[in-house]
Amino acid sequence: MKERTVKETAQRLLQCESAYILIHRSPDGDCIGSGYTLLYALRSLGKKARVLCSDAIPERYHFMLPEAETLEMFYPDLIVSVDVADEKLLGDSLLEEYEGRTDLCIDHHISNTGYAKELCLDGKAAAACQVVYEILREMPVTITKEIAACLYTGMATDTGCFMYDNVGPRTLHIIAELMEAHPDIPYASINRQMFVVKSMGRMKLDGILTNQLERYLDGACTLVCVTQKLMQEYGIDDAELEGIAGFPLQVEGTEVSVVMKEREDGAFRVSMRSADRVNVSAICQTLGGGGHVKAAGCTVSGTAEEAKRILLDAVTKGMAKA
Ligand SMILES: [Mn+2]
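Residues numbered from 1 in each chain as written. Predicted model: local features only at pLDDT ≥ 70, side-chain atom pairs only at ≥ 80, totals over all residues. Heavy atoms only, no water.

1. Details of the coordination of the manganese ion
Now for step 1: Of the protein atoms, only Asp30 (OD), Asp83 (OD), His108 (NE2) and Asp158 (OD) coordinate the manganese ion, at distances of 2.1 to 2.3 Å.
Now for step 2: Motif for the manganese ion, donor spacing along one chain: D-x52-D-x24-H-x49-D. Highlighted residues: His108 in the loop between strand S5 (104-107) and strand S6 (118-121) and Asp158 in helix H5 (residues 145-158), separated in sequence by 50 residues.
Now for step 3: When its relative accessible area of 1% is taken as the criterion, His108 is described as buried.
Now for step 4: When its relative accessible area of 17% is taken as the criterion, Asp158 is described as buried. (Donors = N, O, S within 2.8 Å, 3.2 Å for Na, K, Ca; no water. Helix = DSSP H or I, 4+ residues; strand = E, 2+ residues; numbered from the N terminus. Buried < 20%, exposed > 50% of the residue type's maximum accessible area, 1.4 Å probe, protein only.)

The structure is reproduced here in structure tokens:
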């Protein structure tokens, strides 16, 4: 793996004729935003591009997609992943085809495993969209309205609507530039769709989960488990669970929040969030996962009780280091 600067990455993209853009499973605003930004940018330069994802893009992100998408097949001379910290996160169907084949990765996760041949990584960037924006500035690409909407959405979603401390002056300068160039994008309405609106089923599930919050380590760790049974009962799919990771962190005194989501195969997909000092990326790495210092994830198997014990053990050790 070779590390590449923003300039070198721009050159690499300018050299290609066609690209497949890979984004992570359970796609979020940032990987969709950065993936489609790249697609629009490459197409504006006369190149062929497609975004590929193992999972369907949830409805609420469809405004970022091209209006009429042609599914013309081509053999790409570049395979680029965006916002994908670990090859495993491509998900099963993309892995089947592209394992070990990523030429270039554009990312902002400090835990990036270096699976791509070339890596453009800015661990301080708030979002992959922020890195992609810097790359576009080194290319003869106009920030069109559709690109600006994608970049804004990715940066808003990865920062909890500009609330987390990954937001720096550069993030806000870029947002200001996007807003100046495109005052007609409905920014407030995007925020509302991303952060406020939820399905009735999810709203009711939140009520149930509120009553099921478990507190450990003198209240420093708050945990909740979302079972398949609960999801079926409230008619909720994975996409509707977005944002749930921060839910237990609302409880006063919580340093680390843990959300366990039961997968269909019985294993638990775990999201950890840190309020302040604890490095949850380090904790999740001890369990084979990773992410950001204050937002990370991993997968744990076993019964719910076994998984809980494993998680609480790892959190206890991680908190001792904080
Ligand atoms: Mn991201």
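2. Observations regarding the nonpolar core
Now for step 1: With 50 residues, the main nonpolar core has Leu13, Ile21, Ile32, Val80, Ile106, Ile135 and Leu178 as its most contacted residues.
Now for step 2: Residues Phe268, Val270, Leu311 and Leu312 belong to the second largest nonpolar core, which totals 23 residues. (Core = buried A, V, L, I, M, F, W, Y, C linked by side-chain atoms within 4.5 Å.)

3. Section: the packing of aromatic side chains
Now for step 1: What the rule picks out here adds up to 5 aromatic pairs.
Now for step 2: Note on Tyr20 and Tyr98: the rings are 6.2 Å apart at their centroids and 85° apart in plane angle, and the pair reads as edge-to-face. Of this pair, Tyr20 sits in strand S2 (residues 18-22) while Tyr98 sits in helix H3 (residues 92-98); the two residues are 78 residues apart in sequence, bridging distant segments of the chain.
Now for step 3: Judged by its relative accessible area of 5%, Tyr20 is buried.
Now for step 4: Consider the rings of Tyr36 and Tyr40, whose centres lie 6.5 Å apart with planes at 50°: the pair is tilted. With Tyr36 and Tyr40 both in helix H2 (residues 29-44) and 4 residues apart, the pair spans about one turn of that helix. (Phe/Tyr/Trp six-rings, centres within 6.5 Å; stacked < 30°, edge-to-face > 60°.)

4. A closer look at the state of the cysteines
Now for step 1: As enumerated under the stated definition, the model contains 0 disulfides in all.
Now for step 2: A disulfide-free cysteine, Cys53 has its sulfur positioned 6.0 Å from the sulfur of Cys31, the nearest such atom.
Now for step 3: Distance from the sulfur of Cys150, which forms no disulfide, to the nearest cysteine sulfur (Cys129) is 7.2 Å. (Disulfide = S-S within 2.5 Å.)

5. Re the packing of helix H4 (residues 128-136) against H5
Between two packed helices, both the angle of their axes relative to each other and the distance between the axes serve to describe the pair.
Now for step 1: The N-to-C vectors of H4 and H5 enclose an angle of 145°; their axes lie 8 Å apart at closest approach. Note on element contacts: H5 touches H4 through Ile147, Cys150, Leu151, Gly154 and Met155, opposite Cys129, Gln130, Tyr133 and Leu136. (Axes fitted to C-alpha atoms, helices over the stretch in contact; angles between N-to-C directions. Contact = heavy atoms within 4.5 Å.)

6. Considering the sheet that holds S2
Hydrogen bonds between backbone atoms are what pair the strands of a sheet, whose relative direction is either parallel or antiparallel.
Now for step 1: Strand order across the open sheet formed by 6 strands is S1-S6-S5-S4-S2-S3, with parallel pairing between neighbours. Across the chains shown, the open sheet's two edge strands, defined by having one partner strand only, are strand S1 (2-3) and strand S3 (48-52).
Now for step 2: As judged from the 4 bridges shared by S5 and S6, these two strands associate in the parallel manner. By the bridge assignment, Cys105 is partnered in S6 with Leu119.
Now for step 3: Most of the contacts of helix H1 (residues 6-15) go to S5, to which it runs at about 135°, and overall it touches S1, strand S4 (78-82), S5 and S6.
Now for step 4: Along the sheet face, H4 touches S5 and S6 and points at about 115° away from the line of S5. (Pairing = 2+ DSSP bridges.)

7. Brief notes about the domain arrangement of the chain
Now for step 1: Domain boundaries in the chain define domain 1 (2-195) and domain 2 (200-321).
Now for step 2: Relative placement of domain 1 and domain 2: their C-alpha centres are 27 Å apart.
Now for step 3: Counting residues at the interface gives 12 residues for domain 1 and 11 residues for domain 2.
Now for step 4: Across the domain 1 to domain 2 interface the summed buried area is about 830 Å²; carbon plus sulfur atoms make up 42%.
Now for step 5: Of all residues in domain 1, Arg60, Ile110 and Ser111 bury the most surface against domain 2, accounting for 40% of the area lost on that side.
Now for step 6: A salt bridge links Asp165 to Lys294; its shortest N-O distance comes to 2.7 Å.
Now for step 7: Along the contact surface separating domain 1 from domain 2 lie 7 residue pairs in polar contact (both at pLDDT 80 or more).
Now for step 8: Each residue belonging to the side of domain 1 that touches domain 2 can be placed in one class, and the counts come to 4 nonpolar, 3 polar and 5 charged. (Domains from an automatic or database assignment. Buried area = accessible area lost by both parts, 1.4 Å probe. Salt bridge = Lys/Arg side-chain N within 4 Å of Asp/Glu carboxyl O. Polar contact = N/O pair within 3.5 Å; in protein donor to acceptor, adjacent residues only side chain to side chain. Nonpolar A, V, L, I, M, F, W, Y, C, P; charged D, E, K, R; others polar.)

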